[in-house]
Amino acid sequence: MPVGRKRNQENTVDLPTDAPALEVFDATAADSSPSFETPDGTSAGRDNQPEQVLYSRLFILALNVVAIGLLLFAAVGRGDASVGPAYLLVPFVLFQALGWAAAYLLQPPDSTCVEMFDDAVFVAAVLLLPPAGVVITLGLGTVIGLVVLRTKPRAVFLNGGVMTLASLAGIVVAHSIAPDVQSAHPLVLLVSVTAGTLTLAVVNVIVLTGYFRIVLGDPYVSTVVELLPTRVRRTPFLVPIGFLAGVAGLWSPCAALLGVPVLIGLQIFLGQHTRATRDRERTQGLFEASVEIHSFVESSGVAHALTTTTARLLRCETARIDVEAPGESEWGAPITRSDDRHEWLVVSNPVSHLALDAEALGLLNALAAVGSSALQNADLVDEIRRAGLVDALTGLPNHVLFTDRVAQAATAARRNRERFAVMVLDLDAFKKVNDSLGHSHGNELLKIMSERLVAAARDIDTVARLGSDHFTVLLPGVGNAETCGVIAEKLLDAVRRPIELGGHELFMTASAGISFFPEDGVKPEHLLRNADSAMHRAKDMGRNTYRAYASGMNDLAQLRLVRESELHNAVRRDELRLRYQPQIDLRSGHIVGVEALVRWEHPLLGLIGPNEFVPLAEESGLIIEVDTWVLYEACRQARAWLDSDLPQVRMAVNISGRHFHSSDRLVDVVERALGVTGLPAEMLELEVTEGIAVGEEEVTVQALNQIRDLGVKLAIDDFGTGYSMLGRLRQYPIDRLKIDRSFVNEIEGHNAEAPIVSAMIAMARSLRLECVAEGVETLEQQIFLRNHGCDQAQGFLYSHPVEADDIGRLLRTPSVGYNLTAVS
């Protein structure tokens with residue numbers, strides 16, 4: 001009962017109509033690798049080389065010559081060339097052919113081996129036909145079966161020759177034990193046909209293995225050892241069936257047909273059993289593959305597990321993941337990645353050289369689905385891991401990755417006895433960009449700056465972003481301050497180049513600090529801390545420059561930390577104080593408003609001015625809490641003056657741009673402050689910086705309108721120093737413009753010219769906005785402002801910021817003197 005590989009059947013899918021027919025070898029193992037022809041007529045198997053084809057043809061020719069020669073020699077030697085009666089020979093031949101066809105039709109096309117019942121046919125034929133008829137039955141029947149399967153001629157002649165030669169050997173052994181079938185004892189007959197069948201199997205394997213060795217170069221002994229047990233193990237089951245059919249045929253030829261349903265039933269059973277076994281193996285294999293594939297968390301591991309398990313389950317030599325769709329003679333299933341990329345799980349070169357059937361394609365789709373899920377999980381893990389090492393906004397290394405690289409650089413520098421530098425670079429006034437143009441433009445600025453820094457740095461340098469506008473640079477191999485200074489200037493020059501952003505041309509600067517390994521630290525955290533201290537020193541020195549770390553700089557940094565901690569407690573401990581500076585109507589000389597200015601009454605240092613702690617509050621985020629306290633206290637004081645029957649004056653309170661990051665909360669805070677204190681809304685004025693009103697975000701404009709709807713007045717503070725809002729003032733609900741003191745200082749005499757101040761006043765008048773001048777200190781400045789139409793002024797000429805009681809006394813006088821109060 002030879003076994004072979006199935007050819008392409010009609011139930012295969014995605015197979016061209018001119019698909020190749022497979023050479024069916026009498027083999028049991030997958031690695032026999034028969035060849036097949038491609039649609040263009042070329043051979044695509046392992047034996048497709050010209051030399052191998054020649055060896056194959058010579059082997060087959062020699063095999064058939066030997067087989068036919070031995071058959072003729074045996075017929076002449078015995079003097080009996082009879083092949084038996086036609087009514088027996090023809091059914092035997094047809095049944096042998098049917099056995100080949102049925103085996104391939106009933107069993108899965110990708111079976112490792114195909115079970116046939118030619119052993120039983122051989123046994124029955126030995127009992128009922130002459131020796132020549134037995135050989136014709138197996139040899140010719142095999143040929144007819146392969147022709148029906150549309151197998152290539154080379155395969156037909158090979159398998160026909162093998163079966164002829166094997167059946168010759170088997171009949172010789174059988175007749176040597178029982179020469180006369182009619183008179184032999186049944187037990188002797190059973191022994192003879194069993195020995196003949198085993199000889200048939202052994203010769204079959206030996207000849208085919210020789211073919212594989214000569215043509216394909218397969219190892220001979222190991223192949224025989226592998227194939228022979230599989231081929232012989234069917235003998236105990238099929239010999240009895242053939243023997244009983246043959247014995248029945250001796251009694252009556254028609255009785256031999258009783259073995260036909262048994263063999264057909266056995267073939268059907270074997271086919272179903274093989275399919276069930278194959279399906280069970282695939283189901284179990286799919287489950288195991290799913291577990292194995294999902295056991296990996298990296299994309300590379302998942303891809304490797306997916307391709308290897310796919311190749312194993314589908315018995316294909318090649319499996320890969322590709323962005324290209326499968327080509328000719330390939331099969332594929334789509335894979336979807338987490339970023340909606342589409343790839344293909346592609347298999348090719350089945351070891352059976354058969355097109356995948358519908359069930360195999362279903363398994364391929366199931367494996368692709370498992371792979372999609374595992375790859376998406378792996379992509380998510382990769383993204384999480386990447387997010388832990390890379391800054392999401394700029395794509396630069398983050399603090400974790402940068403620290404690791406500094407540690408690696410330290411190890412290499414220690415081994416090579418070299419120095420390197422770490423630089424911390426911080427953008428100057430970046431907060432102003434966020435407050436004025438919004439966070440979206442601020443993020444775009446950071447992206448541009450990161451690209452500039454990377455372009456300006458050397459290829460061996462590492463540029464990272466630690467957060468906000470804080471960048472760091474690792475400078476390996478930089479051992480002296482001069483070289484580091486040249487690199488620092490190059491980086492700062494890259495920052496200084498103008499930027500077009502949101503319709504504005506921005507000019508940014510940066511401050512940098514530098515520390516050196518090993519003088520300023522041997523651990524990454526020490527180098528970063530010292531470089532950061534040097535950077536803050538550069539900011540204190542005027543910004544737009546760099547400084548190298550020097551001993552003592554950390555003391556300043558520690559002092560900042562101490563002040564920040566103390567400032568956290570200042571609000572809770574009621575250490576904040578308000579001072580009020582009058583705003584004078586230049587026409588009447590009367591006080592029309594006051595500006596609330598915050599001070600910090602430190603328990604040890606005394607009264608600290610806003611210039612010393614407000615920037616710290618801005619950086620740490622405490623400004624929200626400070627401004628809220630100032631707003632409530634100022635409203636309470638204004639209401640107290642009102643209850644004391646003092647003249648009604650408006651209360652001006654400064655509001656940081658950080659409040660507009662949560663504009664709904666700002667509106668709620670203002671409304672609650674007015675409600676709690678009972679201050680009329682028209683007596684409160686909020687001063688915002690010029691930049692905050694320039695922001696194009698709808699939420700900012702909406703917040704300003706909501707505040708104005710409450711009845712609260714709005715003023716632009718420090719007008720002219722931020723991003724110009726000329727042409728946009730009409731879009732915002734503004735009541736007053738406050739000219740910054742830096743422009744007022746340009747008025748140096750009675751006849752002085754200050755064109756910028758004049759233009760600002762004229763613009764305010766044309767827009768029907770009141771104009772308030774800050775920092776008025778001389779009589780000449782007051783005269784200039786009044787002559788040019790400025791409405792109000794505040795400054796030391798009238799009063800320093802004073803306590804609430806002093807404002808009460810000033811409000812009771814008909815006019816205000818010049819600098820009547822002490823500085824506080």
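Here we look at a nonpolar patch on the surface
On the surface, a nonpolar cluster with roughly 420 Å² of combined accessible area is contributed by Val202, Ile206, Tyr220, Val221 and Val225. Of all the secondary-structure elements, those providing two or more residues to the nonpolar patch are helix H6 (186-216) and helix H7 (220-232). It is H7 that provides the largest number of residues to the nonpolar patch, a total of three residues. Within the fold, Val202 resides in helix H6.

Comments concerning unusual backbone geometry
The amide bond that connects Phe517 to the next residue, Pro518, takes the cis arrangement and shows omega of 5°. With respect to the helices and strands, the residue Pro518 is situated in the loop between strand E9 (510-517) and helix H16 (524-540). Phi is positive for Arg315, which is not a glycine, with a value near 55°. Note on placement: Arg315 falls in the loop between helix H10 (299-314) and strand E1 (316-322).

Thoughts on the packing of aromatic side chains
What the rule picks out here adds up to three aromatic pairs. Each ring, one from Phe420 and one from Phe517, has its centre 4.9 Å from the other, and the planes form 15°; the classification is stacked. With Phe420 in strand E4 (residues 420-427) and Phe517 in strand E9, this residue pair connects regions lying 97 residues apart in the sequence. Relative to Phe613, the ring of Trp600 has its centre 5.9 Å away and its plane inclined at 75°; by these criteria the two rings are edge-to-face. Here Phe613 lies in helix H18 (residues 610-620) and Trp600 lies in strand E12 (residues 591-602), a separation of 13 residues in the sequence. For Trp600, a relative accessible area of 1% gives the class buried.

Thoughts on the sheet that holds strand E3 (residues 342-350)
The three strands are arranged E1-E3-E2 in an open sheet whose pairing can be described as antiparallel. Looking along the sheet, the strands with just one partner apiece sit at the ends: E1 and strand E2 (330-336). Each neighbouring strand pair of the sheet contributes to a mean axis angle of 20°, computed without reference to strand direction. Pairing between E2 and E3: seven bridges, direction antiparallel. Directly across from Ile335, in E3, lies its bridge partner Glu343. Its contacts with the sheet place H10 against E1, E2 and E3, and it is angled at close to 145° to E1.

Regarding the side chain of Asp461
Mapped onto the elements of the fold, Asp461 is located in the loop between helix H14 (439-456) and strand E5 (462-467). Under the relative-accessibility criterion, Asp461 is labelled buried at 9%. One polar contact links Asp461 to Arg458, side chain to side chain, over a distance of 2.7 Å. Those residues in contact with Asp461 that sit more than four places away from it in its chain are Val473, Leu474, Leu475 and Pro476.

Concerning the pairing of strand E6 (residues 470-476)
Taken across its seven residues, E6 has six buried, putting it largely inside the fold. Examined bridge by bridge, E4 and E6 share seven bridges and lie antiparallel to one another. Its bridge partner being in E6, Leu425 is matched across the sheet by Phe471. As paired elements, E5 and E6 share five bridges and run antiparallel to each other. Along E6, the bridge assignment pairs Arg465 with Phe471. Where E5 hands over to E6, the hairpin turn is made up of two residues, of which Ser468 adopts a positive phi near 50°.

Analysis parameters
Residues numbered from 1 in each chain as written. Predicted model: local features only at pLDDT ≥ 70, side-chain atom pairs only at ≥ 80, totals over all residues. Heavy atoms only, no water. Patch = residues over 30% accessible without salt bridge, like charges linked within 9 Å, V, L, I, M, F, W, Y side chains within 5 Å. Areas by Shrake-Rupley, 256 points an atom, 1.4 Å probe, with all protein chains shown as cover. Salt bridge = Lys/Arg side-chain N within 4 Å of Asp/Glu carboxyl O. Helix = DSSP H or I, 4+ residues; strand = E, 2+ residues; numbered from the N terminus. Phe/Tyr/Trp six-rings, centres within 6.5 Å; stacked < 30°, edge-to-face > 60°. Buried < 20%, exposed > 50% of the residue type's maximum accessible area, 1.4 Å probe, protein only. Pairing = 2+ DSSP bridges. Axes fitted to C-alpha atoms, helices over the stretch in contact; angles between N-to-C directions. Contact = heavy atoms within 4.5 Å. Polar contact = N/O pair within 3.5 Å; in protein donor to acceptor, adjacent residues only side chain to side chain.

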